[in-house]
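# Coordinates in review
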Amino acid sequence: MDLNSSPSNNTIPVNGTIPVASTFATATAPLENPPPANGSGDRKPIALWPGMYHSPVTTALWEARSKIFERLLDPPRDAPPQSELLTRTPSQSRTSILYNFSSDFVLREQYRDPWNEVRIGKLLEDLDALAGTISVKHCSDEASTTRPLIVVTASVDKIVLKKPISVNIDLKIVGSVIWVGHSSIEIQLEVTQSNEEGNDSDSVALTANFIFVARDSKTGKAAPVNRLSPETAHEKLLFEQAEARNNLRKRKRGGEKKDFENGEKNRLQALLAEGRIFCDMPALADRDSILLKDTSLENALICQPQQRNIHGRIFGGFLMHRAFELAFSTAYAFAGLVPCFLEVDHVDFLRPVDVGDFLRLKSCVLYTEVHDPDQPLINVEVVAHVTRPELRSSEVSNTFHFTFTVRPEAKAMKNGFKLRNVVPATEEEARCILERIDADNLNEFFRT
């Protein structure tokens with residue numbers, strides 16, 4: 001509002017009603033080469049599609065692939081499945097997004113956090129939306145006579161922040177399919193941003209790997225996806241690494257449980273010993289330690305229609321966003337200083353979340369690492385439960401693991417800062433801690 005304008009131009013209407021207009025029409029489209037506007041009157045406006053509220057990025061992605069997404073929303077009746085698989089290259093699915101932060105004030109304000117950096121939770125939504133679009137592009141046969149596949153997020157293998165992401169400098173995300181199996185697809189995304197001085201060297205700010213699975217839109221069963229033919233030496237290396245990660249996931253699913261005997265049993269007992277002191281002799285407990293249950297936070301929500309994806313289920317990026325916000329708050333309350341995000345260690349999408357579901361998110365600090373005083377680590381677990389009070393049931397829908405440190409400028413203001421050690425009170429908690437530590441160590445070894 002212009003404070004210098006005349007009162008007659010800015011007064012509230014006589015009847016006291018202030019008109020409200022939709023803001024979707026002015027959404028910024030951050031795709032590098034946005035398609036021309038489609039003025040067809042028989043097509044549902046893009047802003048009214050499910051999930052369009054999320055961010056300008058999601059809007060632009062769906063608009064760019066509107067023909068494919070329209071088929072997903074309104075598939076041909078009794079259409080047959082795709083009978084012949086195609087062979088695609090990574091370059092055919094490669095998609096880029098450009099955020100014009102330096103010149104678009106509105107876009108910049110939508111993504112700004114209190115520290116003048118990009119909101120990580122909002123970026124997680126965009127990464128999931130982009131990965132989904134890339135998987136749809138790879139699976140599409142570009143024919144209107146076959147039944148489209150449903151692709152859903154199965155897991156997030158890793159998201160690593162390599163440097164802070166400024167909200168004042170243009171940002172770019174590039175992604176493509178790097179591996180496919182029978183019905184699964186791995187997508188790798190890179191977020192790049194130039195340095196403050198404008199130097200393009202070392203510009204990768206974040207990397208992410210998403211796993212999607214394809215389902216037949218009619219039967220709901222696993223469906224085969226188009227083959228992938230890597231061309232360059234780098235693409236072939238990425239394919240081999242993804243293949244090895246997939247084999248590792250299969251071994252884990254196959255029941256290669258950790259047998260807590262001998263040395264492992266000693267680790268378990270050592271963890272429990274300190275916890276027993278807290279429970280039995282709290283006055284004598286180590287003041288530099290804290291029980292795992294005392295680090296927990298929780299929130300709950302009813303899943304709304306505006307949070308759904310094109311298949312009517314709750315958008316996976318929205319769930320990651322909410323889990324991140326809770327994990328950040330948990331690390332903040334635990335450390336007593338503003339945390340700094342480092343990694344999404346792993347995310348499992350175990351079951352879909354539907355509109356109207358009562359979703360409870362529970363978080364805790366699983367463990368800390370303090371061997372590097374300059375970058376102490378806080379590992380936070382968030383578990384999402386779909387709760388049905390009328391059935392007296394609660395099922396785990398998602399598990400999220402995040403790693404944070406403490407912002408250097410905050411730590412510098414607090415002399416003698418030290419993270420507390422987290423100890424379990426039960427054998428179940430101790431096993432969760434050890435399994436997560438071992439999984440992180442295995443993943444780190446696997447990537448080096």
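Attention here is on the structure that accompanies the text. (Residues numbered from 1 in each chain as written. Predicted model: local features only at pLDDT ≥ 70, side-chain atom pairs only at ≥ 80, totals over all residues. Heavy atoms only, no water.)

## What to know about the pattern of salt bridges
Enumeration over the complete set of coordinates arrives at 17 salt bridges. Salt-bridge contacts for Arg112 lead to Glu109; the nearest nitrogen and oxygen are separated by 2.9 Å. By relative accessible area, Arg112 is classed as partly exposed at 25%. In this structure, a network of salt bridges that share partners links the residues Arg351, Asp357, Arg388 and Glu395. (Salt bridge = Lys/Arg side-chain N within 4 Å of Asp/Glu carboxyl O. Buried < 20%, exposed > 50% of the residue type's maximum accessible area, 1.4 Å probe, protein only.)

## Let's talk about unusual backbone geometry
Unusually for a residue other than glycine, Asn116 sits at a positive phi of about 60°. You can see Asn116 is positioned in the loop between α4 (105-111) and α5 (120-139). Look at Arg392: it is not a glycine, yet its phi comes out positive at around 55°. Structurally, the position occupied by Arg392 is in the loop between β12 (377-388) and β13 (393-406). (Helix = DSSP H or I, 4+ residues; strand = E, 2+ residues; numbered from the N terminus.)

## Observations regarding the nonpolar core
Within the largest apolar cluster, 86 residues are counted, with the highest numbers of intra-cluster contacts made by Tyr99, Leu127, Leu189, Phe210, Phe402 and Phe404. Sort the elements by how many residues they give to this core and helix α8 (residues 316-335) lands first, with 11 residues. In this structure Phe402 touches Met320, Ala323, Phe324, Ala327, Phe341, Glu343, Val344, Asp345, Ile378, Asn379, Val380 and Val382, once residues within four positions along its chain are discounted. (Core = buried A, V, L, I, M, F, W, Y, C linked by side-chain atoms within 4.5 Å. Contact = heavy atoms within 4.5 Å.)

## A word on the pairing of strand β11 (residues 358-369)
In terms of strand pairing, strand β9 (residues 297-302) meets β11 through six bridges, oriented antiparallel. Opposite Asn299, over in β11, you have Leu361 as the bridge partner. Strand direction decides the pairing type here: β11 and β12, joined by 11 bridges, are antiparallel. Counterpart to Val365 in the pairing with β12 is Val380. (Pairing = 2+ DSSP bridges.)

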